[in-house]
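Coordinate inspection notes
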Amino acid sequence: MGFQLLEKKIYHLSLSVQKQKSVAPGYWVLSLQSPQISSAAAPGQFVLLKIDKNFDPLLPRAMSIHSIIRADNYRIGFTILYKVVGKGTRLLSEKRSGESLAVLGPLGTGFKLSHIASGYEPIIVGGGIGIAPLLFLAQELMERSYTPTVFLGANSQEELLALDEFESLGFTPKVSTEDGSKGVKGMVTDLLGSYLEDSKGLQAEIFACGPAPMLEKAASLAKSYKLNSQLSLEQRMACGLGACLGCVVKIKNKNSGHSYQRVCTEGPVFNGEDIIW
Ligand SMILES: Cc1cc2nc3c(=O)[nH]c(=O)nc-3n(C[C@H](O)[C@H](O)[C@H](O)COP(=O)(O)OP(=O)(O)OC[C@H]3O[C@@H](n4cnc5c(N)ncnc54)[C@H](O)[C@@H]3O)c2cc1C
Ligand code: FES
């Protein structure tokens, strides 16, 4: 079933799992075949997965679209990269090829790319499971003939996600780990800060997803170097369609100082300058 919400095409489909692959302890990549959702999706958008047909867990779980699967240049499906943190994600990790999931999507407002001009350098910054939506973004930027600079961070080499997938697209990500087991020891925003300092005057835009402190630091670096930033936020979600107001965040507003916007509809991607932390 598909329906139109404003100008967006959203599908509610029962999809069967194509593949489920463990990529690190507690981290999985799930592949789902759906020409409809993958064709309608833009980087930064997400899907809601109803993991169990029964009542527990009752609410669907939000997952970013990690990458697009193609065959003969047609979009035929998508993957999600996820971390097991509770009951829903544990049950999801137990799904095997052929089992079905109810999927609603693509949802939300993703990264805005239409204003990116030639000569601009897109800078992708991902931390931890926040790397999930950024591979699709890199795929899309490449298709538009941009070559983003990619920064990936994690606690340790074991938890550094999607490095091989970025490398197979031809990127050489700049890597940091907090324990120093891979790349530079420290936070990914330290690496980003050094890069921006060494490249002063760069025409660039920062696209980031990760834990809130990382995003806040990325927004502040962008401001210091007079760059625009687009940050993907997370909130617990229920309806995913803008109806329950369960996912609001505080966003600056020219008239009244601030307003509340819905991560599931106006977001998950917001302008870094507008977010009230
Ligand atoms: C737009 C969006 C995109 C997302 N994309 C991804 C993704 O690509 N990969 C991925 O692994 N996860 C993603 N998440 C987070 C994912 O939805 C939650 O991890 C998942 O719902 C947890 O379900 P659970 O039943 O396993 O855990 P629960 O038992 O519901 O919760 C376990 C723990 O996780 C915390 N938690 C649950 N949901 C969230 C949330 N939305 N944000 C922060 N903390 C949460 C809870 O507070 C609790 O501490 C995304 C969330 C949003 C809102
Ligand atoms: S989850 Fe219901 S309004 Fe966002």
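Residues numbered from 1 in each chain as written. Chains lettered and ligands numbered in written order. Predicted model: local features only at pLDDT ≥ 70, side-chain atom pairs only at ≥ 80, totals over all residues.

Scanning the protein from N- to C-terminus turns up six helices and 17 strands. At 18 Å, the protein has a C-alpha radius of gyration in line with the 19 Å of a compact globule built from 277 residues. Taking the principal axes of the C-alpha coordinates as reference, the protein spans close to 55 × 45 × 35 Å. Sorting the 277 residues of the protein into buried and exposed places 40% on the buried side. Put simply, 62% of the contacts in the protein that link residues at least 6 apart link residues at least 24 apart. (Helix = DSSP H or I, 4+ residues; strand = E, 2+ residues; numbered from the N terminus. Rg over C-alpha atoms; globule rule 2.2 N^0.38 Å. Buried ≥ 20, exposed ≤ 12 C-beta atoms within 10 Å, placed from the backbone. Contact = placed C-beta atoms within 7 Å.)

Within the open sheet, the seven strands sit side by side as S12-S11-S10-S9-S13-S14-S17. Their pairing is mixed. Single-partner strands in this sheet number two, and they are strand S12 (184-185) and strand S17 (269-271). Note: strand S10 (residues 149-154) against strand S11 (residues 174-177), four bridges, orientation parallel. From the neighbouring strand, Gly153 faces S11, where its bridge partner is Ser176. (Pairing = 2+ DSSP bridges.)

Let's shift gears to the site of ligand 1. Inspection of the region around ligand 1 gives 23 residues, with Tyr82, Gly86, Gly88, Thr89 and Ala132 positioned closest. Of all the elements in the fold, those that place two or more residues in the shell around ligand 1 are strand S5 (61-64), strand S7 (74-83) and helix H2 (87-93). (Near = placed C-beta within 6 Å.)

What follows deals with the domain arrangement of the protein. Each assigned domain of the protein is listed here: domain 1 (2-107) and domain 2 (121-232). Taken over C-alpha atoms, the centre of domain 1 sits 24 Å from the centre of domain 2. In this assembly, 13 residues from domain 1 lie in contact with 14 residues from domain 2. For the side of domain 1 that touches domain 2, the secondary structure elements donating two or more residues are strand S2 (8-24), strand S6 (67-71) and S7. (Domains from an automatic or database assignment.)

We now examine helix H3 (residues 134-143). For the α-helix, the turn length of 3.6 residues means that residues three or four positions removed from each other point alike. Taken together, the buried positions of H3 are Leu134, Leu135, Phe136, Leu137, Ala138 and Glu140. Of the surrounding elements, those touching the buried residues of H3 are S6, strand S9 (121-127), S10, helix H4 (163-168) and strand S13 (204-209). Positive backbone phi, at 70°, marks Ser145, one or two positions downstream of H3.

By size, the foremost hydrophobic cluster in this structure holds 67 residues, and its most contacted members are Val47, Ile124, Val125 and Ala218. Broken down by element, the residue count for this core peaks at six residues, all from helix H6 (residues 212-224). Each of two domains, domain 1 (2-107) and domain 2 (121-232), supplies a minimum of three residues to this core. Beyond its immediate chain neighbours, meaning those up to four positions away, Val47 contacts Ile37, Met63, Ile65, Val103, Leu104, Gly105, Pro106 and Leu107. (Core = buried A, V, L, I, M, F, W, Y, C linked by C-beta atoms within 7 Å.)

Here is the key point about a regular strand: its side chains alternate between the two faces of the sheet. Taking burial as the measure, the six residues of S13 include five buried ones, the bulk of the element. By the bridge criterion, six bridges tie S9 to S13 in an arrangement that is parallel. Within S13, the residue paired with Glu121 across the bridge is Ala204. The β-α-β motif built from S13, the intervening H6 and the parallel element strand S14 (residues 228-232) has right-handed crossover chirality. (Right-handed = clockwise from strand over helix to strand, strands pointing away.)

A cis amide bond, omega -5°, links Gly105 with the succeeding residue Pro106. Here Pro106 is to be found in strand S8 (residues 100-107). Cis rather than trans, the peptide bond between Gly267 and Pro268 has omega equal to 15°. Positionally, Pro268 belongs in the loop between strand S16 (257-262) and S17. Phi angles above zero are rare outside glycine, and Ser145 is one such case at about 70°. With respect to the helices, strands and loops of the structure, Ser145 is situated in the loop between H3 and S10.

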